[in-house]
Each structure stands twice: as C-alpha cells, then as structure tokens.
Amino acid sequence: MRAAHRLARIVGIGVFLAVSGLPAAAFTPSERIVLVSQSSAGTGNDLMLREIAEIWTKNKLVEQLVGNENVTGALGENARRFVAQENEGNPHVLFAYTASTLNQSILSNSIFTPDKFTPIVMLVTSPAVVVVNKDSAFQTLDDLIKAAKEKPGAIVQGGGPYGGASAMVGHALHEKAGAELPYTPFKGGGEAVTQLLGNHVQFIIENPGEINQYLKADQLRVLATTTKLPTMPDVKTLEELGYGINVPDSFRAIFAPPGISKEAQDYYIALFEKTRDLPDWQNFIAEDGLVDFWMTGTEAGKYAADAAAVYTALDEKMGLMKK
C-alpha cells in the first residue's frame, strides 16, 4: 500500500505547527506525523499519545500535521503489523510500544518482536500498587500475607485478564511470600476496582491511574507499591517490606517502523527530549501517577529485549505459553 493511500485513511487530530527549539537535523518530517496506538480511544496509551500531540501543538514543536490512529484487534498484532510491515521505512509513523504490546507479542508467538522496530525512547513506567478496601482488616501487607498463610485460598486477588501486569505481579508476590493468593480475572482493572469496593475480592494490584479517584474519595487504601511514588511518599515498596520481586514496571515507550534513517531516529529523540522538559508533560505524568523512565535509542531497545526475557519466564511459570 502506498504511503499516500495509507495516510489518507488515517483519521485523527491535525494541527499545523511551527518549528521551535529543536536542533538542526538532516531529517525533518515532510508529511503528517501519525501516532499509533493498539488501544481503543480513551485508554491510557491512547490518551498519552493525544497528550503528546496536544503538547507539540501548544508549544509549536513541529511544522507538520499530527494525527492519532487507533489500530485495534488481534491482541495488538494488527497494530504491530501496521507499523512494522505496512509502514516499514516510513519515518512519519510512531508507535506507543508498551509492556502489554511486548507480552502480547510473546504470548501470540508474533514475528513482530521488539527488534523489528526502531526504538526511539522509553518515556515512563506505571508502577503497581497493592490496594485493599478502606474497611479491610488488613492494615499492612504483612497482615494480608499472614492471613493468606493461615487460610490458604481465602485471600483472593482481583484484576484484569490473567497474564496481564496485575496477574504477573500477584504471581511473583505469591511466590516470594510463600502464600497462596488465588487470582480472579475480570474484564479489566476498572471492574476489579468495583469488585474490591464490593468486598468480592480481598485485594487488587493496579496502576495508580486506575485507583487515584477512589483514594481521593477515601474508599481504598494502599499497602505497598512496586516503585517509590512521589504522590505516595509514606507507602513502602515491596522491596522495602521484604517482598522484592523481579517484574518490570509496565513501561510506555515510543518506537518507529524498521528501516528508518539514523537521522530520523535522532530527530525524534531530540523532539521527545524537548517534550519531556516541558511543564505540560511533567504535569501529565504526575496527574496520571506515572514515573519518568528515560532511555533512548539502543538503550531503550535493549531494555525491551531484557524485559521480554523476564516476561517469557513469567509466562511459562503461569502456564500461559502455547505448547
């Protein structure tokens, strides 16, 4: 499919912007820049890309139009194929590459592994938080683990589909603590929160963005986090509590199609460096409970490859790998 035909079908926001503050480069975009998400509109990755487009618009960082494209379906395979195969060599397409994107490619035995993309930047991570109902008898994580050991199978974790980040952290915690912590899957984190509020499960492990409104309403209580959070300075991490686990925090990165030039890669790294320093971006990640996690180019690609090895081992332990 020719580039003009590909981009003609892309529906998204577009704003003409003036170049400002970026170093001179051998490459500058000559067509609309397309920000691709494998998620549907309104989800975390989609909203992040739209925030990026808005920041570029407001701060006049690029001269071309910027559009958003949601390529959903097939556990992310449609989006991976769209970027890596249909847009190979196209320097005007950027992809929100996430921990979910990575692990779904492992579980589906996809040919579109991390090395099939051009790494631009790691942007942020979304730490996990261990949460109970405000009225729970468990005041500490030790209380919860003790109860699980005393009554095996009685302390149930709720979360999204089995194999997601919540289930992985829960499985690793169960192994580290030596306590039975059964997992009940729901359609997503939002439903898991509802089940916790109704006391149908005893705890959940979710990202801060999923539970912030309930914390503010004093309906939930956090027992631990996987990474120290500035917004929760008094909450200890799993490691600090003696339950350190080897599960990478869910990351959000920007990758490009394979076959783009080094000049194009460098241009986008510089563009995101400029974006990262802006108050608009800092406010966005703070409000969403995200943590700055900056890596560029080869380093970002290596991190994704290393994370793939960890996820593969976890998938095998959890019985998720296809025979």
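Residues numbered from 1 in each chain as written. Predicted model: local features only at pLDDT ≥ 70, side-chain atom pairs only at ≥ 80, totals over all residues. Heavy atoms only, no water.

**Q** A description of the overall build of the chain should follow, citing residues and the corresponding values.
**A** Secondary structure summary: the chain contains 11 helices and 11 strands in total. By the compact-globule yardstick of 20 Å for 323 residues, the chain fits well, its C-alpha radius of gyration being 20 Å. For the chain, the spread of C-alpha atoms along the three principal axes comes to 65 × 45 × 30 Å. Across the 323 residues in the chain, those meeting the buried criterion constitute 52%. Contacts in the chain between residues far apart in sequence, at least 24 positions, make up 79% of those at least 6 positions apart. Total accessible area computed for the chain in this model is approximately 14400 Å², and 51% of it derives from carbon and sulfur atoms. Positive and negative charge centroids in the chain, built from 28 and 36 side chains respectively, lie 3 Å apart. (Helix = DSSP H or I, 4+ residues; strand = E, 2+ residues; numbered from the N terminus. Rg over C-alpha atoms; globule rule 2.2 N^0.38 Å. Buried < 20%, exposed > 50% of the residue type's maximum accessible area, 1.4 Å probe, protein only. Contact = heavy atoms within 4.5 Å. Areas by Shrake-Rupley, 256 points an atom, 1.4 Å probe, with all protein chains shown as cover. Lys, Arg positive; Asp, Glu negative; His and termini not counted. Charge placed at Lys NZ, Arg CZ, Asp CG, Glu CD.)

**Q** I'd like a description of the side chain of E206, backed by residues and values.
**A** Structurally, the position occupied by E206 is in strand β8 (residues 203–206). Despite being buried, E206 has no salt bridge partner; R252 is the closest side chain of opposite charge, sitting 10 Å away. At a separation of 3.3 Å, a polar atom in the side chain of E206 contacts the side chain of S166. Discounting chain neighbours no more than four positions away, the residues touching E206 are P127, A128, V129, G159, G160, S166, G189, A192 and I211. (Salt bridge = Lys/Arg side-chain N within 4 Å of Asp/Glu carboxyl O. Polar contact = N/O pair within 3.5 Å; in protein donor to acceptor, adjacent residues only side chain to side chain.)

**Q** Would you mind going over the packing of helix α2 (residues 44–58) against helix α9 (residues 262–276) in detail, with residue names and values included?
**A** In the contact formed by α2 and α9, the axes pass within 11 Å of each other and the chain directions differ by 85 degrees. On the basis of their axis angle, the class for α2 and α9 is roughly perpendicular. Here α2 contributes I52, I55 and W56 to the contact with α9, which in turn contributes L271, F272 and T275. Of the residues assigned to the contact of α2 with α9, the class counts are 5 nonpolar, 1 polar and no charged. (Axes fitted to C-alpha atoms, helices over the stretch in contact; angles between N-to-C directions. Parallel < 35°, antiparallel > 145°, perpendicular 65-115°, else oblique. Nonpolar A, V, L, I, M, F, W, Y, C, P; charged D, E, K, R; others polar.)

**Q** So what's going on with unusual backbone geometry? Residues and values would help.
**A** For L75, which is not glycine, the phi dihedral falls at a positive 50 degrees. Tracing the sequence through the fold places L75 in the loop between β2 (66–70) and α3 (77–86). The exposure class assigned to L75 is exposed, which follows from its relative accessible area of 57%. One non-glycine residue, N109, adopts positive backbone phi at about 55 degrees. Following the sequence through the fold, N109 ends up in the loop between α4 (99–107) and β4 (118–126).

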